[in-house]
Amino acid sequence: MAEIKQGNNKFYIGENENNPQAQITYVTVNDNQINIDHTGVPEEFGGQGIGSQLVEAVVNYARDNNLKVSASCPFAKKVIEKHDEYQDVYAG
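Just so you know, these numbers come straight off a predicted model, no measurement behind them.

Reading the values: the criteria
Residues numbered from 1 in each chain as written. Predicted model: local features only at pLDDT ≥ 70, side-chain atom pairs only at ≥ 80, totals over all residues. Heavy atoms only, no water. Helix = DSSP H or I, 4+ residues; strand = E, 2+ residues; numbered from the N terminus. Rg over C-alpha atoms; globule rule 2.2 N^0.38 Å. Buried < 20%, exposed > 50% of the residue type's maximum accessible area, 1.4 Å probe, protein only. Arc of directions from axis to C-beta. Contact = heavy atoms within 4.5 Å.

(A) How the structure looks around the overall build of the protein chain. Looking only at helices and strands, one finds two helices and five strands in the protein chain. Tracing the protein chain from N to C terminus, the helices and strands come up as β-β-β-β-α-β-α. Taking 12 Å as the expected radius of gyration for a compact globule of 92 residues, we find that the protein chain reaches 12 Å, a close match to that expectation. Over its C-alpha atoms, taken along the principal directions, the protein chain stretches across nearly 30 × 25 × 20 Å. Per-residue burial over the protein chain gives 41% buried out of 92 residues.

The structure is reproduced here in structure tokens:
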């Protein structure tokens with residue numbers, strides 16, 4: 001499984017943060033909340049659960065930093081709402 005790395009307002013897979021193989025990006029809403037605005041997983045990685053792992057990376061980051069997470073990205077929103085264990089950080 002590919003290693004998920006932390007970049008600048010993103011988590012990604014690949015050697016180069018500026019040209020990642022797959023990524024999830026977020027923006028700061030306020031001091032207590034971040035919003036996932038994009039999840040990008042190319043078709044060749046489809047069906048491997050990479051998108052869900054990227055969402056999990058952001059959820060864990062939020063937990064570690066006492067942040068809430070919202071998601072304007074429909075994919076991330078669906079993943080978070082599907083997992084009961086993510087609801088502690090979900091801002092809805």
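Let us keep going from here.
(B) The arrangement of helix 2 (residues 74-82) in detail. Buried residues of helix 2: A76, V79 and I80, and no others. The buried residues of helix 2 occupy an angular sector of 95 degrees when the element is viewed end-on, so they sit on one face. Exposed residues lying more than 90 degrees from the buried face of helix 2 are P74, K78 and K82. Contacts from the buried residues of helix 2 go to strand 4 (33-40), helix 1 (50-64) and strand 5 (68-71).

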